[in-house]
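# Results of the structural survey
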Amino acid sequence: MVKLSRYLLVLVTILAMAVAIPKIYWTAFDQPIKKPFVMYSCIEKDFMIQRNEDPIVREDTRGNKYTREQYEERLPFLYMRQLMMSGTMKDTINGMLMDVHEINLNRSFFSYGPTDMVMPDPGAWPLLESESGRANLEMPEDFFRITWRMEFIDAKSNRILENKSRLFSAALYNKGFEFPARKVAGLPTTRKSCDEGYLIVDSKDQLFHLKMVKGNPYIRKVNLPEGIKFKFISCVDFKDKKYYAYLFDSSGDIYILTQDEYELVKFPVGNFDPETEELRIYGDLFNYDVIITGNGFMRVVILDKEYRKVNEYNETWPVKSETRPGKIFAFLFPGQVSLTNESSSFINFYFTLSKGFNWLVLSCILVVGHFMIIRKRGRLIRHVVDFGLILVTGVFGFVAVNIFPNKFFD
């Protein structure tokens, strides 16, 4: 019992130090990466790059430097309010007369991060009336879930609304829906211009659009390419009403689902990993700026309004493990345990191994050091577990086994 208690204390100490010591190390020696802000100029037909240095650098890919005012003039849709206030907004751009209404109508912004994918599933969603005849959207008094059928549950009494449930379940079934639902994506809020319901993926990875129109179900099955499976769907509410959502499939492609035609359009932007990479999409009167940021790289792809590729910009920088502090860390520690992670908003134990095996050199030195400490305590075979812990966990194990020495063998 004493032996078991001692090893439990050792393991808890190793875990605690694997959390605390690397965190202290990175707090002291980390060198944050200053990622550039890159946008496409419809005036220069080039990428405008802003680097957060001291002082701030604004340039294009040809090395031309710009003042703040010059930089803003070359991104007229991003800084429209400032340009209009200063009187420097152009009357025409690329032969098109600038109209504030049209500019605002075509302006859109979408942002996605890996934490969005691991958000908890609520399990029940509100289905708003799409054509209520009211000026403002109103939250319903019931919520739906899709298990072996579609069920509506009264929020106050928790009773199942049987008639409504049968009506919508039958409508889904008649459209070929295979229960239960894998994904339900929508905008469950009244803070949107109108209600377009939900995009739902069934158990056979078929995609359906569902909304309620005057109390009755409206359901549309979307034709999908063979074998496509969606990892994440994010619905949007843009003023131009061109598409319902951005969809990320398991192959790393980004799609949009157009309104009215229900056409699935693939963005020609290359591979995108929604589990580790960030995505931002700026839409304006002429282009879409698709910005993908990952560990050590940025890729900016420009599409025209027909979703055809216009230009592309790539930039890389050293990842944390390739910097000097990262290389020293990989020698000192076999890895680290964190309670938080950039890809999740949840508190948990996240294990990250050091790149390479340089830490084994220090571990072997610590094993020899521990041997020198305990060589007079008796038979070394009785300390083999301690040697193994030090070899695998390095400095964490060395400190832990010496804080709680193996005294019962002495």
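Now for a description of the structure that goes with this document. Predicted model only: the values in this text are computed from it and were never measured.

Rules of the game
Residues numbered from 1 in each chain as written. Predicted model: local features only at pLDDT ≥ 70, side-chain atom pairs only at ≥ 80, totals over all residues. Heavy atoms only, no water. Helix = DSSP H or I, 4+ residues; strand = E, 2+ residues; numbered from the N terminus. Rg over C-alpha atoms; globule rule 2.2 N^0.38 Å. Buried < 20%, exposed > 50% of the residue type's maximum accessible area, 1.4 Å probe, protein only. Contact = heavy atoms within 4.5 Å. Areas by Shrake-Rupley, 256 points an atom, 1.4 Å probe, with all protein chains shown as cover. Lys, Arg positive; Asp, Glu negative; His and termini not counted. Charge placed at Lys NZ, Arg CZ, Asp CG, Glu CD. Axes fitted to C-alpha atoms, helices over the stretch in contact; angles between N-to-C directions. Parallel < 35°, antiparallel > 145°, perpendicular 65-115°, else oblique. Left-handed = near helix turned anticlockwise from the far one by under 90°. Nonpolar A, V, L, I, M, F, W, Y, C, P; charged D, E, K, R; others polar. Patch = residues over 30% accessible without salt bridge, like charges linked within 9 Å, V, L, I, M, F, W, Y side chains within 5 Å. Salt bridge = Lys/Arg side-chain N within 4 Å of Asp/Glu carboxyl O. Expected span 1.5 Å × (residues − 1). Pairing = 2+ DSSP bridges. Polar contact = N/O pair within 3.5 Å; in protein donor to acceptor, adjacent residues only side chain to side chain.

A separate point is the overall build of the protein chain. Of the regular secondary structure elements, the protein chain holds 10 helices and 22 strands. The C-alpha radius of gyration computed for the protein chain amounts to 29 Å, which surpasses the reference 22 Å derived for 410 residues by more than 25%, pointing to a less compact arrangement than a globule. Taking the principal axes of its C-alpha atoms as reference, the protein chain extends roughly 85 × 65 × 40 Å. When the 410 residues of the protein chain are sorted by exposure, 46% land in the buried category. Across the protein chain, the fraction of contacts at a sequence separation of at least 24, relative to all contacts at a separation of at least 6, is 48%. For the protein chain, the exposed area adds up to about 22,700 Å²; of that, 55% sits on carbon and sulfur atoms. Charge separation in the protein chain, taken as the distance between the mean sites of 53 positive and 50 negative side-chain charges, equals 9 Å.

Moving on to the packing of helix H8 (residues 359-374) against helix H9 (residues 384-393). Running from N to C, H8 and H9 point in directions that differ by 155°, and their axes come no closer than 7 Å. With respect to each other, H8 and H9 are oriented roughly antiparallel. In the crossing of H8 with H9, the sense of the turn from one axis to the other is right-handed. Residues Trp359, Leu360, Ser363, Cys364, Leu366, Val367, His370, Phe371 and Ile374 of H8 touch H9, and the partners they reach there are Asp386, Phe387, Ile390, Leu391 and Val392. Looking at the contact of H8 with H9 residue by residue, the class counts come to 11 nonpolar, 2 polar and 1 charged.

Looking now at a nonpolar patch on the surface. On the surface, Leu15, Leu339, Ile347, Phe349 and Phe351 cluster together to form a nonpolar patch covering roughly 520 Å² of accessible area. The topology assignment puts Leu15 in helix H1 (residues 2-29). The exposure class of Leu15 is partly exposed, given its relative accessible area of 32%.

Attention now goes to H8. Between its first and last C-alpha atoms H8 spans 23 Å; for 16 residues at 1.5 Å apiece the expected length is 22 Å, and the two agree. The elements touched by buried residues of H8 are helix H7 (324-332), H9 and helix H10 (395-403).

Our next topic: the sheet that holds strand S15 (residues 254-258). Judged by pairing direction, the sheet is antiparallel, and its 4 strands sit side by side in the order S13-S14-S15-S16 without closing on themselves. Strands with a single pairing partner mark the edges of an open sheet, and in this sheet they are strand S13 (230-235) and strand S16 (264-267). Taking the axes of each pair of neighbouring strands and ignoring which way they run, one obtains an average angle of 25° across the sheet. Across 5 bridges, strand S14 (residues 243-249) lies against S15 in antiparallel orientation. From the neighbouring strand, Tyr246 faces S15, where its bridge partner is Ile256.

Turning to the pattern of salt bridges, a few remarks are in order. Under the criterion given, the structure shown has 25 salt bridges. In this structure, Glu44 and Arg74 form a salt bridge, with 3.0 Å as the shortest nitrogen-oxygen distance. Linking Glu44 in the loop between strand S1 (37-41) and strand S2 (46-51) with Arg74 in the loop between helix H2 (68-73) and helix H3 (80-86), this pair joins segments that are 30 residues apart in sequence. Close ionic contact of Asp60 with Arg62 constitutes a salt bridge, the shortest N to O distance being 3.4 Å. Take Asp60: its relative accessible area is 3%, and that puts it in the buried class. Under the relative-accessibility criterion, Arg62 is labelled exposed at 51%. Connected via shared salt-bridge partners are Glu44, Asp46, Asp60, Arg62 and Arg74.

Here we take up the environment of Arg6. Tracing the chain through its elements places Arg6 in helix H1. Expressed as a C-alpha distance, the spacing of Arg6 and Asp304, which sit 298 residues apart in the sequence, is 66 Å. For Arg6, the side chain forms a polar contact with the main-chain oxygen of Phe404, separated by 2.7 Å.

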